[in-house]
Amino acid sequence: MIDIKNNLSMIRERADAAAKRAGRSGSDILLVAVTKTRSCEEIARAIRAGVTDVGENKVQEITEKFDKVGKFAELDGKGAHVRWHMIGHLQRNKVKYIVDKTDIIHSVDSVGLAEEIDKRAAARGRTMDVLVQVNAAGEESKFGVSTEGAKPLIDAIVERCPAVRVKGLMSIAPAAEDPEDVRRYFREVKELYDLIARDADGERLSAEYLSMGMTHDFEVAIEEGSNLIRVGTGIFGARDYGK
Ligand SMILES: *Cc1c(COP(=O)(O)O)cnc(C)c1O
């Protein structure tokens with residue numbers, strides 16, 4: 001059986017070391033455990049091992065697991081409240097299914113999507129934290145706005161979506177054998193993040209999260225300024241999509 005607890009502490013150690021290399025503290029790095037394809041039992045084990053934040057990329061998986069995982073955690077006497085991160089592409093017509101079940105949405109890449117989140121959040125009397133997804137490498141296969149498109153999108157969201165709070169940026173680097181090859185993309189997104197920090201009012205717009213780095217490249221991402229890493233395989237082992 002995969003030793004989730006041991007894997008977690010190894011990831012944390014490596015994240016700490018990367019943060020130190022960049023003159024920062026490991027305690028500034030939020031680790032989001034990516035739980036897509038994992039069972040509720042596995043997620044509960046991760047929570048018991050100290051995970052505070054989980055990330056899913058499909059609406060259906062969030063709705064299926066949300067209540068069950070909450071119950072598992074309670075059964076274990078931890079009463080753990082984990083934060084749920086929506087990290088995958090989100091269709092407008094599905095926002096309504098997760099608006100009560102998500103703490104932060106990482107994948108906002110259009111005004112239309114932000115407006116739908118705004119409408120659904122306002123109807124529930126809440127605000128929703130979001131990150132704007134940036135496709136720094138301009139890959140056809142990936143969602144997200146271009147680096148040039150990020151600022152205008154953020155301005156539009158701040159202007160038009162009072163129930164949405166922009167908390168930073170998210171980016172997925174291209175798949176690369178050597179993570180050094182994607183360092184420049186992380187650097188570009190960090191530059192954008194610093195620009196946003198200058199405009200931040202701390203209310204509707206803040207530079208709180210720079211969500212970059214996965215199992216394969218999180219150390220490079222942290223060295224370039226990431227403060228939120230999304231790690232799945234490194235914690236739970238290889239995914240089995242055939243389940
Ligand atoms: C699956 C996924 C991850 C985690 O990937 P691993 O390589 O398993 O760490 C991170 N971010 C997003 C958006 C994902 O879909």
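Here the structure is a predicted model, which means the values were calculated and not measured.

## Side note on the overall build of the chain
Then, number 1: Within the chain, the secondary structure is distributed over nine helices and eight strands.
Then, number 2: Computed over its C-alpha atoms, the radius of gyration of the chain comes to 17 Å, within 12% of the 18 Å expected for a compact globule of 243 residues.
Then, number 3: Among the 243 residues that make up the chain, the fraction classed as buried is 51%.
Then, number 4: For the chain, the separation between the mean place of its 38 positive charges and that of its 41 negative charges on side chains is 4 Å.

## Here's the deal with the site of the ligand
Then, number 1: The immediate surroundings of the ligand are formed by V34, K36, I87, I172, M214, T215, R230, V231, G232, T233 and R239.
Then, number 2: Within the contact set of the ligand, an oxygen atom lies 2.9 Å away from a backbone nitrogen or oxygen of G232.
Then, number 3: At 2.8 Å from an oxygen atom of the ligand is found a side-chain nitrogen or oxygen belonging to R239.
Then, number 4: Protein contacts shield 89% of the accessible area of the ligand, which totals 390 Å² for the unbound molecule.
Then, number 5: Broken down by class, the residue content of the shell around the ligand amounts to five nonpolar, three polar and three charged.

## Details of the packing of helix α6 (residues 147–160) against helix α7 (residues 183–199)
Helix-helix packing is described using two parameters, namely the angle between the two axes and the distance between the axes.
Then, number 1: In the contact formed by α6 and α7, the axes pass within 10 Å of each other and the chain directions differ by 20°. Classified by the interaxial angle, the pair formed by α6 and α7 is roughly parallel. Once α6 is placed against α7, the crossing between them reads as right-handed. Touching T147, A150, K151 and I154 of α6 are E188, L192, I196 and D199, all from α7.
Then, number 2: Of the residues in the contact of α6 with α7, the class split is four nonpolar, one polar and three charged.

## Digging into the domain arrangement of the chain
Interface size, as often reported, equals the accessible area lost upon joining of the parts.
Then, number 1: Under the domain assignment, the chain is made up of domain 1 (1–83) and domain 2 (88–222).
Then, number 2: For domain 1 versus domain 2, the separation of C-alpha centres amounts to 20 Å.
Then, number 3: Facing 19 residues of domain 1, the contacting portion of domain 2 comprises 15 residues.
Then, number 4: Summing both sides of the interface, domain 1 and domain 2 together bury roughly 1,300 Å²; the carbon and sulfur share of this comes to 70%.
Then, number 5: Together, R14, V59 and F66 form the three largest contributors to the area buried by domain 1 at its contact with domain 2, with a combined 35%.
Then, number 6: We note a salt bridge from R14 to E219, for which the minimum N-O separation is 2.9 Å.
Then, number 7: Looking at the side of domain 1 that touches domain 2, the elements that each hand over two or more residues are α1 (4–21) and α3 (59–75).
Then, number 8: Within the side of domain 1 that touches domain 2, the residues separate by chemical class into 11 nonpolar, three polar and five charged.

## Some words on the nonpolar core
Then, number 1: Judged by nonpolar contacts, the single largest core of 69 residues is most densely connected at I105, I117, I157, L169, I229 and I235.
Then, number 2: Formed jointly, this core draws a minimum of three residues from each of two domains, domain 1 (1–83) and domain 2 (88–222).
Then, number 3: Contact partners of I229, with chain neighbours within four places excluded, come to I11, A15, I29, L30, L31, V32, M212, G213, F218 and I222.

What counts as what
- Residues numbered from 1 in each chain as written.
- Predicted model: local features only at pLDDT ≥ 70, side-chain atom pairs only at ≥ 80, totals over all residues.
- Heavy atoms only, no water.
- Helix = DSSP H or I, 4+ residues; strand = E, 2+ residues; numbered from the N terminus.
- Rg over C-alpha atoms; globule rule 2.2 N^0.38 Å.
- Buried < 20%, exposed > 50% of the residue type's maximum accessible area, 1.4 Å probe, protein only.
- Lys, Arg positive; Asp, Glu negative; His and termini not counted.
- Charge placed at Lys NZ, Arg CZ, Asp CG, Glu CD.
- Near = heavy atom within 4 Å.
- Polar contact = N/O pair within 3.5 Å; in protein donor to acceptor, adjacent residues only side chain to side chain.
- Areas by Shrake-Rupley, 256 points an atom, 1.4 Å probe, with all protein chains shown as cover.
- Nonpolar A, V, L, I, M, F, W, Y, C, P; charged D, E, K, R; others polar.
- Axes fitted to C-alpha atoms, helices over the stretch in contact; angles between N-to-C directions.
- Parallel < 35°, antiparallel > 145°, perpendicular 65-115°, else oblique.
- Left-handed = near helix turned anticlockwise from the far one by under 90°.
- Contact = heavy atoms within 4.5 Å.
- Domains from an automatic or database assignment.
- Buried area = accessible area lost by both parts, 1.4 Å probe.
- Salt bridge = Lys/Arg side-chain N within 4 Å of Asp/Glu carboxyl O.
- Core = buried A, V, L, I, M, F, W, Y, C linked by side-chain atoms within 4.5 Å.

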